[in-house]
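Spelled out from the first residue to the last, the chains are:
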Amino acid sequence: MLNETAYALGANRSCIRDLFEYGCERAKLLGRENVFDYSLGNPSIPSPPQVTQAIRDVLNDTDPLLLHGYTSAVGDYETRKAISDDLNRRYGVSTRPEEFFLGCGAAPELTAVMKALAVEGGELLTVAPYFPEYKPFAENAGLVFRVVPPDVPSFQVDLGRLEAMLTPHTQVVLINTPNNPSGVVYTRETLMALGDLLTRKSREFGHPIYLLSDEPYRELSYGVEVPFVPSIYRDTILCYSYSKSLSLPGERIGYVYVPQAAADSQRLYAAVAGAARAMGHVCAPSLWQKVIARCAHVRPDLESCDRNRRALYEGLTAMGYEMAKPDGAFYLFIKAPGGDAKAFSEKAKKKDLLLVPGDGFGCPGYFRICYCVSYDMIQRSLPRFRELIGEYQP
Ligand code: PLP
């Protein structure tokens, strides 16, 4: 006997992984330069030089036993202090090291928070388009997973529909800004209106509705403000990751921030630590904690990402593709010509253009491009995008 839910998750690859594997096979046949793979969100800019230097310094300066030993389950104090100081400087807030829990990236952190909150029959609401892993995370935590339909074409939050879906069972609303897959950054107005709505509904239901803000792309924005959500809504829990901001997805390091001002914050923080413990969390990788202690203030160099973004946005828009303005992350979410994104993606595949249909993000009719690829690949792929849309134009 085995757990069939776990089996199904493990046996069925995601559509993104399928496309990526397909791309690898095609690359073996045709050569890497003849496959235009826009499927996977692996950062294409190297970690900033300060990170490489910090690794060297940490290796040189730290007692090896300490370096590789277990740390406190919540993480080294120095690292939490460096993160807290950096946020305080940037946003004019007054976070404290005690409010941070160091984790192994956004994915396990989100799961721990969901598990910490879940009560029998509790609901999690997220907003389409959304990161597909949210569903297994929430369901594994024991939460009922519900999706607020997308606010097309801006991909902000449709507050009317969200309000209609809030029930006394809603424990948490999960947002992701800058957003994967839309590339949209929620504006301060959107977040303030969302905060007002959740404050009103929390009062009405007689219990807090937490806002879980998933922010692995916080540092990836192009000339727009990415507001600090806990300053806007009191009962916010923030999950952060260095996977994208410092190009460290394979290293597994990030944090959960539980503001002391949030409802029941002390018990909530303990529940996050307890939920992580139950999932086998021991501590975040020690070496990386020590690197982050030295690099909490380091930001990525976005020049090449921005160049890619502009080349694709301008190039594709000029051809007639329609999309929301991609102000953050490294994704474009584009209306599929013909309306059927799966069919469009299949057509694109025949031209060795690998584009992810939006169905898995809760948003059929759109497809996602991940532009953390080489500029050269983008330039060479543009004629294929032109040919493709040409097939739908009279
Ligand atoms: N949340 C979103 C929106 C993501 O896009 C990703 C990864 O692509 C994650 C969470 C998981 O990130 P991490 O590598 O920090 O676990």
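Residues numbered from 1 in each chain as written. Predicted model: local features only at pLDDT ≥ 70, side-chain atom pairs only at ≥ 80, totals over all residues. Heavy atoms only, no water.

*Asks:* Describe in detail the overall build of the protein chain, supporting the description with residues and values.
*Replies:* The number of helices and strands found in the protein chain is 15 helices and 12 strands. Here the C-alpha atoms of the protein chain give a radius of gyration of 21 Å, agreeing with the 21 Å that 2.2 N^0.38 yields for 394 residues. Entry remark: accessible area of the protein chain is about 17100 Å², with carbon and sulfur atoms responsible for 53%. (Helix = DSSP H or I, 4+ residues; strand = E, 2+ residues; numbered from the N terminus. Rg over C-alpha atoms; globule rule 2.2 N^0.38 Å. Areas by Shrake-Rupley, 256 points an atom, 1.4 Å probe, with all protein chains shown as cover.)

*Asks:* Summarise unusual backbone geometry; cite the residues concerned and give the values.
*Replies:* Geometrically, the link from Ala 128 to Pro 129 is a cis peptide bond, its omega value of 0° lying close to zero. At Phe 155, a residue that is not glycine, the phi angle is positive and equals roughly 60°. On the secondary structure map, Phe 155 appears in the loop between β4 (144-148) and α8 (159-165). Phe 155 sits in the buried class, given a relative accessible area of 1%. Non-glycine residue Ser 247 carries a positive phi angle of around 50°. By the secondary structure assignment, Ser 247 is in the loop between α10 (242-245) and β8 (254-257). (Buried < 20%, exposed > 50% of the residue type's maximum accessible area, 1.4 Å probe, protein only.)

*Asks:* With reference to specific residues and values, describe the site of the ligand.
*Replies:* Ala 106, Asp 214, Tyr 217, Ser 241 and Arg 252 are the nearest of the 14 residues found near the ligand. A distance of 2.9 Å separates an oxygen atom of the ligand from a polar atom in the backbone of Ala 107. At 2.8 Å from an oxygen atom of the ligand is found a side-chain nitrogen or oxygen belonging to Asn 180. Across the complex, the protein chains shield 91% of the 400 Å² of accessible surface that the ligand would expose by itself. Those elements giving two or more residues to the shell around the ligand turn out to be α6 (106-117) and α10. Its residues assigned to classes, the shell around the ligand shows 6 nonpolar, 5 polar and 3 charged. (Near = heavy atom within 4 Å. Polar contact = N/O pair within 3.5 Å; in protein donor to acceptor, adjacent residues only side chain to side chain. Nonpolar A, V, L, I, M, F, W, Y, C, P; charged D, E, K, R; others polar.)

*Asks:* So what's going on with the sheet that holds strand β11 (residues 356-357)? Residues and values would help.
*Replies:* Strand order in the open sheet made by the 3 strands is β9-β12-β11, with antiparallel pairing throughout. Lying at the two open borders of the sheet, with one neighbouring strand each, are β9 (331-335) and β11. In terms of strand pairing, β9 meets strand β12 (residues 366-370) through 5 bridges, oriented antiparallel. Bridging across to β12, Lys 335 finds its partner in Tyr 366. (Pairing = 2+ DSSP bridges.)

*Asks:* Mind laying out helix α13 (residues 303-319), listing which residues take part and the relevant values?
*Replies:* For the α-helix, the turn length of 3.6 residues means that residues three or four positions removed from each other point alike. Its 17 residues give α13 an end-to-end C-alpha distance of 24 Å, which sits within 8% of 24 Å, the value for a rise of 1.5 Å per residue. Looking only at α13, the buried set comprises Cys 305, Asp 306, Asn 308, Arg 309, Ala 311, Leu 312, Gly 315, Leu 316 and Met 319. Packed against the buried residues of α13 are β9, β12 and α15 (375-390). Of the residues flanking the end of α13, it is Gly 320, one or two places downstream, whose phi is positive at about 115°. (Expected span 1.5 Å × (residues − 1). Contact = heavy atoms within 4.5 Å.)

*Asks:* Now, about the environment of Lys 347: what can you tell me, with residues and values included?
*Replies:* Tracing the sequence through the fold places Lys 347 in helix α14 (residues 341-349). The spatial distance from the C-alpha of Lys 347 to the C-alpha of Leu 388 is 7.8 Å, given a sequence separation of 41 residues. Residue contacts for Lys 347: discarding those within four places in its chain leaves Leu 388, Glu 391 and Tyr 392. Polar side-chain contacts of Lys 347 include one of 3.3 Å to the side chain of Glu 391.

*Asks:* Tell me what's going on with the packing of aromatic side chains, and back it up with residues and numbers.
*Replies:* Under the counting rule described, the total for this entry stands at 24 aromatic pairs. Where Tyr 321 meets Phe 385, the ring centres are 6.0 Å apart and the plane angle is 90°; that geometry is what we call edge-to-face. Here Tyr 321, found in the loop between α13 and β9, pairs with Phe 385, found in helix α15; they are 64 residues apart in sequence, far enough to count as distant. As far as burial versus exposure is concerned, Tyr 321 and Phe 385 are alike and both buried. Connected via pairs of aromatic rings, a cluster forms that spans Tyr 91, Phe 100, Phe 228, Tyr 240, Tyr 242, Tyr 255 and Tyr 257. Sitting over the ring of Tyr 375, Arg 307 keeps its end group 3.7 Å from the ring centre. (Phe/Tyr/Trp six-rings, centres within 6.5 Å; stacked < 30°, edge-to-face > 60°. Lys NZ or Arg CZ within 6 Å of the ring centre and 35° of its normal.)

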